[in-house]
Every structure is written in C-alpha cells, then in structure tokens.
Amino acid sequence: MDALLATYAPDAQMFEHPSKLLASGAAELRERFTARFQEPNLHATLVSRTVMGHIVVDHEEVSRTFPEGPGKIRLLMIYEVHAGRIARAWMIAGEKTLD
C-alpha cells in the first residue's frame, strides 16, 4: 500500500469523470484502495497507455467483485502528473460484464 500511495502526491485527488470527487489526500486514497484490495479476485490488466506531457491515459480491464457478483469492467484512467507523482486522477467506467 505504501508503494502505491508513494506514486500519488500527498494532496492528490481522485474523481469519477468529470468532477465527482471520490478521494482527496493520502488518508482517503488509502481508505479507498484498502477497501478495493479486500476483493479476492481483484486484478487489473493494462491494455494500453498514452503519455502526452504530464498527462497519462491508461486503458485497463479490471476483474473484481461487484455487488451483483464477480465480473470485469473496462476503465480509462487519466492521470495528471507533477514532479513525478499523480496530482489528480479521473476514472471513466466502460462496459461491465458479469462472469
């Protein structure tokens, strides 16, 4: 967890695109990631990555457990990076399928 949080600035913010704040600061990010990592089948596969200046866009396929059961979801993660750390992140959820 510490290694993951070290990639984020201490005051980083995470949003559901475009502006729904999901977490702000290291403590809230830790709480969000800790809850997510409790899922036994959680696994993310990086499909592609695009870097333009200080913006990084990852296309991911994530296996996880939804309230209705295990499945997969496609995500776009947009990261704004400053001084080598993520300052802001936006998540765009795509298609969700159940196993």
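The coordinates are above.
Residues numbered from 1 in each chain as written. Predicted model: local features only at pLDDT ≥ 70, side-chain atom pairs only at ≥ 80, totals over all residues. Heavy atoms only, no water.

Caption draft 1: Here's a closer look at the sheet that holds strand S5 (residues 69-82). If you trace the six strands from one edge of the open sheet to the other, you get S2-S1-S6-S5-S4-S3, paired in mixed fashion. Strand pairing shows two members of the sheet lacking a second neighbour, strand S2 (20-24) and strand S3 (43-52), which therefore form its edges. When strand polarity is set aside, the average angle formed by the axes of neighbouring strands in this sheet is 25°. Sheet strands in contact with helix H2 (residues 26-36) are strand S1 (8-16), S2, strand S4 (55-66) and strand S6 (85-98), and its direction is about 60° off that of S1. (Pairing = 2+ DSSP bridges. Helix = DSSP H or I, 4+ residues; strand = E, 2+ residues; numbered from the N terminus. Axes fitted to C-alpha atoms, helices over the stretch in contact; angles between N-to-C directions. Contact = heavy atoms within 4.5 Å.)

Caption draft 2: Structural context of the side chain of glutamate 39. Position of glutamate 39 relative to the elements: it lies in the loop between H2 and S3. Non-local contacts of glutamate 39, meaning those with residues more than four positions away in its chain, are made with Arg64 and Thr65.

Caption draft 3: Layout of the packing of aromatic side chains. The tally for this structure, following the rule as stated, stands at three aromatic pairs. Arranged with centres 6.3 Å apart and planes meeting at 15°, the rings of phenylalanine 33 and phenylalanine 37 form a pair that is stacked. Among the residues examined, phenylalanine 37 registers a relative accessible area of 44% and is labelled partly exposed. Aromatic ring contacts, followed pair by pair, group Tyr8, Phe33 and Phe37 into a single cluster. Taking NZ or CZ as reference, lysine 96 lies 4.7 Å from the ring centre of phenylalanine 66, over its face. (Phe/Tyr/Trp six-rings, centres within 6.5 Å; stacked < 30°, edge-to-face > 60°. Buried < 20%, exposed > 50% of the residue type's maximum accessible area, 1.4 Å probe, protein only. Lys NZ or Arg CZ within 6 Å of the ring centre and 35° of its normal.)

Caption draft 4: Representation of the pattern of salt bridges. Inspection of the entire model under this criterion finds six salt bridges. Between lysine 96 and glutamate 68 there is a salt bridge, with the nearest N and O atoms lying 2.7 Å from each other. Here lysine 96 is found in strand S6, whereas its partner glutamate 68 is found in the loop between S4 and S5, with 28 residues between them in sequence. Glutamate 68 gets classed as partly exposed once you look at its relative accessible area, which sits at 47%. Taken together, the shared-partner salt bridges connect Arg36, Glu39 and Arg64 into one network. (Salt bridge = Lys/Arg side-chain N within 4 Å of Asp/Glu carboxyl O.)

Read these as spatial facts, not as claims about activity.
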